[in-house]
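One-letter residues, chain by chain:
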Amino acid sequence: MKAVGIIAEYNPFHNGHAYHIQKAKELTNADLAVVVMSGNFVQRGEPAILDKWERTKLALAAGADLVVELPVFYAVQPGHLFAAGAIQILQALGVKDLVFGSEHPEVDFLDLAKQALAIESEGQFTDRTQTYASAYAQQLEEQTGFKMENPNDILAFSYAKAVVASGQEMQLHPIGRLEAGYHDQTFEEGQTIASASSIRLALHKGKFEKIRPVVSDQSFEALSTKPTALAFEKPFFELLRYRLLTDTVGQLGQVYQMAEGLEQRLAGVAAAVEGPQSYQSFIKSVKTKRYTFARIQRTLLYTLLNIKVDQMQAAMADSYIRLLGFNDFGQAYLSEVKRTATLPIISRVDMSLAKANLRLDYKAGQMWQILAGQTHAKQGQDVGRKPIYQGQE
């Protein structure tokens, strides 16, 4: 069976995602689509609006055939590590084609990645007068002529670099976005495809009816009736402030990505009598030119989850394939590849596994339930959960 890979967050799942799945199959003539999806937290350090199980159901209903989790130790990372983790999982499952959105689908990202890696090997990209990402993009443009400034292009470039670095063959298939840009904050009446950012903004404002034309009926129902983490910021800030006030600066300094005195700045702002009173104002108070907004948010999540440097490094060195859901095609494909898969495949989690190999995902799942107001839910996010099976009707 020929599989095409998709890397996604589905936060939330919308019509553009459904188009992506169908287009991926058509473009590559694949028998099935394998989706590597972020778990309960997304790349910028926020909880996904719906949990990973609800988003898996929606993806399967829209044409995905096999959904596996991108563990939190890859999902909540800068683009190059996010991409490397997802590519590793797809390659471990024998996937040879990847389809992704891009603002410039005509670009040969594999060739661009090879040029960039050659430049890096010569010791360039060392300008420290601005953020590393900005310096990198500027020097890449000077060397290759391509201006790396659009979010999908940046991810595409990260995927290409991960493929080249892996030494394994994988065909990359960029496709152009329809109707909406990645960071669009609004969408017009009559649109059927909108950005996830604009949909989230509408949901935060309570405008549920506005999103109906740009999401599937199943997605609309889930967003309207299921527990969500829409109102996460207040409990997130309260829990975070507790950690910052009760841990010592030395303890905070052991948190992953805490560097160059950032722990002192965080602790100082949290302890200020006239300090910020909300999560967003707190981030603005600690942000500097050196760190992006997303970098700060990710570091705050690592702090809340108490993820230490050695824990993150150990987790990334011992990755796995966590099954979230599949249909008959996905099940058949798993039967084909399970003996050749280069990472362990996990279909069910018990408590011993949750506190060992899946320790970070287990912590993330517990925290998601707190932020979504599900502290007394009968079923947790990991222990005892089986992959969702969507059989033919």
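Please refer to the structure placed before this passage.
What you are looking at is a predicted structure, and each value in this text was computed from that prediction instead of being measured.

1. Things to note about the overall build of the protein chain
So, point 1. Counting its secondary structure elements, the protein chain contains 18 helices and eight strands.
So, point 2. For the protein chain, the spread of C-alpha atoms along the three principal axes comes to 60 × 55 × 50 Å.
So, point 3. The buried share of the protein chain, reckoned over its 393 residues, is 53%.
So, point 4. Once local pairs closer than 6 in sequence are excluded, the contacts in the protein chain between residues at least 24 apart make up 74%.
So, point 5. Summed over all atoms, the accessible surface of the protein chain reaches about 17,600 Å², with 49% contributed by carbon and sulfur.
So, point 6. Charged side chains in the protein chain number 40 positive and 42 negative. The centres of these two groups are separated by 7 Å.

2. Notes on the layout of surface pockets
So, point 1. Within this model, the second largest pocket holds a volume of roughly 210 Å³.
So, point 2. As for the second largest pocket, its lining consists of Glu54, Lys57, Leu58, Leu60, Ala61, Gln218, Glu221, Ala222, Lys226, Ile388 and Gln390.
So, point 3. Breaking the lining of the second largest pocket down by element, the ones donating at least two residues are α2 (52-61), α9 (217-225) and β8 (388-390).
So, point 4. The element that contributes the greatest number of residues to the lining of the second largest pocket is α2, accounting for five residues.

3. Quick notes on the pattern of salt bridges
So, point 1. Within this structure, the stated rule accounts for eleven salt bridges.
So, point 2. We note a salt bridge from Glu46 to Arg44, for which the minimum N-O separation is 3.3 Å.
So, point 3. Among the residues examined, Glu46 registers a relative accessible area of 14% and is labelled buried.
So, point 4. A salt bridge links Glu209 to Arg212; the shortest N-O distance between them is 3.1 Å.
So, point 5. We classify Glu209 as exposed; its relative accessible area is 55%.
So, point 6. Using a relative accessible area of 38% as the deciding quantity, one classes Arg212 as partly exposed.

4. Quick look at helix α18 (residues 359-371)
Residues lying three or four places apart along an α-helix face the same way, a consequence of the helix completing one turn every 3.6 residues.
So, point 1. End to end, α18 covers 19 Å across 13 residues, agreeing with the expected 18 Å (1.5 Å per residue, within 8%).
So, point 2. For α18, the complete set of buried residues consists of Leu360, Asp361, Tyr362, Ala364, Gly365, Met367, Trp368, Gln369 and Leu371.
So, point 3. Residues of α18 that are buried sit in contact with β3 (66-70), α3 (72-75), α10 (233-246), α14 (293-305), α15 (309-317) and α17 (351-354).
So, point 4. Trailing α18 by a residue or two, Gly373 shows a phi angle of about 70 degrees, which is positive.

5. Some points on the side chain of Glu9
So, point 1. Residue placement: Glu9 occurs in the loop between β1 (3-8) and α1 (15-28).
So, point 2. Of note is the side chain of Glu9, whose polar atom sits 2.8 Å from the backbone nitrogen of Gln43.
So, point 3. Those residues in contact with Glu9 that sit more than four places away from it in its chain are Met37, Ser38, Val42, Gln43, Arg44, Arg55 and Phe82.

6. Brief notes about the environment of Asp361
So, point 1. With respect to the element layout, Asp361 can be found in helix α18.
So, point 2. On the basis of relative accessible area, Asp361 is assigned to the buried category, the value being 3%.
So, point 3. Counting along the chain gives 214 residues from Asp361 to Lys147, while the straight-line C-alpha distance between them is 36 Å.

7. A look at unusual backbone geometry
So, point 1. Put simply, Asn11 and Pro12 share a cis peptide bond, and its omega is 0 degrees.
So, point 2. Here Pro12 is to be found in the loop between β1 and α1.
So, point 3. Phi at Tyr10 takes a positive value of approximately 55 degrees, unusual for a residue other than glycine.
So, point 4. Mapped onto the fold, Tyr10 is located in the loop between β1 and α1.
So, point 5. The class for Tyr10 is buried, based on a relative accessible area of 1%.
So, point 6. Of note, Gln257 is a non-glycine position whose phi angle comes to about 70 degrees, a positive value.
So, point 7. Following the sequence through the fold, Gln257 ends up in the loop between α11 (249-252) and α12 (262-271).
So, point 8. Among the residues examined, Gln257 registers a relative accessible area of 25% and is labelled partly exposed.

8. Looking at the side chain of Asp247
So, point 1. Here Asp247 shows up in the loop between α10 and α11.
So, point 2. Assessed through its relative accessible area of 19%, Asp247 is described here as buried.
So, point 3. Within the structure, Asp247 has its side chain in polar contact with the side chain of Arg243 (distance 2.2 Å).

9. Here we look at α15
So, point 1. When α15 is considered as a whole, its buried residues turn out to be Gln311, Met312, Ala315 and Met316. For α15, the angular spread of the buried residues around the axis is 125 degrees, confining them to a single face. Exposed and facing more than 90 degrees away from the buried side of α15 are Asp310 and Ala317.
So, point 2. Residues of α15 that are buried sit in contact with α3, α14 and α18.

10. Here's the deal with the nonpolar core
So, point 1. Counting 93 residues, the largest nonpolar core has Val34, Leu98, Phe157, Tyr159, Phe236, Phe282 and Leu300 as the members making the most contacts within it.
So, point 2. Counting 35 residues, the second largest nonpolar core, distinct from the first, contains Val4, Ala33, Leu50 and Ala59.

11. Some details on the packing of aromatic side chains
So, point 1. Scanning the model with the defined rule gives twelve aromatic pairs in all.
So, point 2. Ring plane angle 70 degrees and centroid distance 5.0 Å describe the contact between Tyr256 and Tyr302, whose orientation is recorded as edge-to-face. Here Tyr302 lies in helix α14 and Tyr256 lies in the loop between α11 and α12, a separation of 46 residues in the sequence.
So, point 3. Residue Tyr302 is classed as buried on the basis of its relative accessible area of 2%.
So, point 4. An aromatic cluster is present here, built from Phe100, Phe109, Phe146 and Tyr159 joined pairwise through their rings.

Quick notes on the rules
Residues numbered from 1 in each chain as written. Predicted model: local features only at pLDDT ≥ 70, side-chain atom pairs only at ≥ 80, totals over all residues. Heavy atoms only, no water. Helix = DSSP H or I, 4+ residues; strand = E, 2+ residues; numbered from the N terminus. Buried < 20%, exposed > 50% of the residue type's maximum accessible area, 1.4 Å probe, protein only. Contact = heavy atoms within 4.5 Å. Areas by Shrake-Rupley, 256 points an atom, 1.4 Å probe, with all protein chains shown as cover. Lys, Arg positive; Asp, Glu negative; His and termini not counted. Charge placed at Lys NZ, Arg CZ, Asp CG, Glu CD. 1 Å grid on protein atoms, 1.4 Å probe; cavity = no way out; pocket = protein on both sides within 12 Å on 5 of 7 lines; lining within 4 Å. Points joined across faces, edges and corners; volume = space filled by probe spheres on them. Salt bridge = Lys/Arg side-chain N within 4 Å of Asp/Glu carboxyl O. Expected span 1.5 Å × (residues − 1). Polar contact = N/O pair within 3.5 Å; in protein donor to acceptor, adjacent residues only side chain to side chain. Arc of directions from axis to C-beta. Core = buried A, V, L, I, M, F, W, Y, C linked by side-chain atoms within 4.5 Å. Phe/Tyr/Trp six-rings, centres within 6.5 Å; stacked < 30°, edge-to-face > 60°.

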